[in-house]
Amino acid sequence: MLFRSLCLSVVLISSLFIHHGARAEVASGKEIIAVIGTGRMGAAAGPRLAAVGHTVIYGTRDPSSEKMRELLGRSPGAKAVSQRQAVQSADLVLLAIPWFATEEFVASSGPWSGKLIMDMVNASKMGDDGLLEVAVDTSAGELIQSWATGATVVKTFNTVSYHIIADPSIAKGLVTIPLASNDAEAKARVAAVVESIGMEPFDAGPLRFSRALEHMSTLHMVPYLQDRWEDAYEFYFVTGTAPLGATGVRLAK
Ligand SMILES: NC(=O)c1ccc[n+]([C@@H]2O[C@H](COP(=O)([O-])OP(=O)(O)OC[C@H]3O[C@@H](n4cnc5c(N)ncnc54)[C@H](OP(=O)(O)O)[C@@H]3O)[C@@H](O)[C@H]2O)c1
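Quick summary incoming for the structure in this document.

Between the first and last C-alpha of helix α3 (residues 40-51) there are 17 Å, a value that for 12 residues agrees with the 16 Å anticipated at 1.5 Å per step. By the criterion of burial, α3 is predominantly enclosed, with 9 of the 12 residues buried. Residues of α3 that are buried: Met 41, Gly 42, Ala 43, Ala 44, Ala 45, Gly 46, Pro 47, Leu 49 and Ala 50. One or two positions beyond α3, positive phi appears at Gly 53, with a value near 105 degrees.

This is the structure we're talking about:
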């Protein structure tokens, strides 16, 4: 609740500092969002974002494909252009492409100055035991931040399944979306986007906590990869659990 109120205040204050066109969008809570990649995640998020009034610009390798026509048909007001054109047409960029393609995409889609990257990419690979492991020493979030000069990265949506983004009611309850970023204003802006599609943002700390969030995504996939689909779960954080009213334990402060 506190994070929600903080987000609203920061978004309202930040709107004063954003150029005029984007300011109207932020003030109304509606954003212009480049959705890069139209696979499972992009094709789940794009229609939901468009349905709640955000302007969606798909960045895709083939804007005239049959797949793209179908996706546009269920994304009110959206259009499809190349990945670079999409980045250059929006200041919020939702990154929904595979890890192996990410460095090349960032290198070929700039300039990045002033862009806010909503990064859902997991830098993972298959381990010898058939389960995922993180493929880098740091995280996709931190590496993308280092490649995209002048941009601000917010790690988001990397711990949730694509089908839950498409239809959060499948989870039969609120789903938590942890956010990691070094920029509080950017994090609040992304939190508002997360809330707009019916999920609960949670401030997970600075961008280096992308490492923990990317490890969480490997954990999230265990039931699927062990063919225990009945055990598939989504993350929901129970908050308000500090020992403030507890007895018989030493308080943390
Ligand atoms: N699936 C999940 O539930 C899930 C959950 C959390 C995080 N993630 C992360 O989200 C990202 C996308 O996952 P996904 O499951 O949506 O993947 P996906 O189904 O494979 O789709 C990725 C999309 O990226 C584009 N793409 C593919 N190869 C590319 C290349 N070489 N260069 C540029 N673009 C390329 C394609 O879109 P176009 O054909 O439009 O170009 C493709 O449809 C991944 O990094 C994944 O780790 C996925």
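Right, picking up where we left off after that structure.
Attention shifts here to the nonpolar core. By size, the foremost hydrophobic cluster in this structure holds 60 residues, and its most contacted members are Ala 34, Val 93, Leu 94, Leu 95 and Met 118. Contact partners of Ala 34, with chain neighbours within four places excluded, come to Ile 57, Gly 59, Ala 86, Val 87, Ser 89, Ala 90, Leu 92, Val 93 and Leu 94.

When helix α10 (residues 210-220) is considered as a whole, its buried residues turn out to be Ser 210, Arg 211, Leu 213, Glu 214 and Ser 217. Buried residues belonging to α10 abut β6 (124-126), β7 (132-134), α7 (140-147), β8 (152-155) and β9 (176-179).

With that settled, consider the packing of helix α6 (residues 102-109) against α7. The contact between α6 and α7 brings their axes to 10 Å, and the two run at 25 degrees. With respect to their mutual orientation, α6 and α7 come out roughly parallel. In this structure, the crossing between α6 and α7 has a hand that is right-handed. Counted together, Thr 102, Glu 103, Val 106 and Ala 107 of α6 and Ala 140, Ile 144 and Trp 147 of α7 form the full contact between these two elements. Residues belonging to the contact of α6 with α7 are distributed by class as follows: 5 nonpolar, 1 polar and 1 charged.

In this chain, Gly 110 is followed by Pro 111 through a cis amide linkage whose omega measures 5 degrees. Structurally, the position occupied by Pro 111 is in the loop between α6 and β5 (116-119). Although it is not a glycine, Lys 172 adopts a positive phi angle of roughly 55 degrees. The topology assignment puts Lys 172 in the loop between α8 (162-166) and β9. A positive phi is found at Asp 227, a non-glycine position, where the angle reads about 55 degrees. Among the secondary structure elements, Asp 227 is positioned in the segment after α11 (222-225).

Lining the immediate surroundings of the ligand are 21 residues, of which Gly 37, Thr 38, Gly 39, Thr 60 and Ala 101 lie closest. In terms of residue count, α3 provides more of the shell around the ligand than any other element does, 3 residues in total. Among the residues forming the shell around the ligand, the class breakdown is 10 nonpolar, 9 polar and 2 charged.

Turning next to the environment of Arg 208. Along the chain, the position of Arg 208 falls in the loop between β10 (200-203) and α10. A tally of 15 C-beta atoms within 10 Å means that Arg 208 is categorised as partly exposed. Taking C-alpha positions, Arg 208 is 10.0 Å from Ala 140, a pair spaced 68 residues apart along the chain.

We now examine the pairing of β8. Of the two faces of β8, the one holding Thr 152 and Val 154 and the one holding Val 153 and Lys 155 are both buried throughout. Pairing of β5 with β8, which is carried by 4 bridges, proceeds in the parallel orientation. Bridged to Ile 117 within β8 is Val 153.

What counts as what
Residues numbered from 1 in each chain as written. Predicted model: local features only at pLDDT ≥ 70, side-chain atom pairs only at ≥ 80, totals over all residues. Helix = DSSP H or I, 4+ residues; strand = E, 2+ residues; numbered from the N terminus. Expected span 1.5 Å × (residues − 1). Buried ≥ 20, exposed ≤ 12 C-beta atoms within 10 Å, placed from the backbone. Core = buried A, V, L, I, M, F, W, Y, C linked by C-beta atoms within 7 Å. Contact = placed C-beta atoms within 7 Å. Axes fitted to C-alpha atoms, helices over the stretch in contact; angles between N-to-C directions. Parallel < 35°, antiparallel > 145°, perpendicular 65-115°, else oblique. Left-handed = near helix turned anticlockwise from the far one by under 90°. Nonpolar A, V, L, I, M, F, W, Y, C, P; charged D, E, K, R; others polar. Near = placed C-beta within 6 Å. Pairing = 2+ DSSP bridges.

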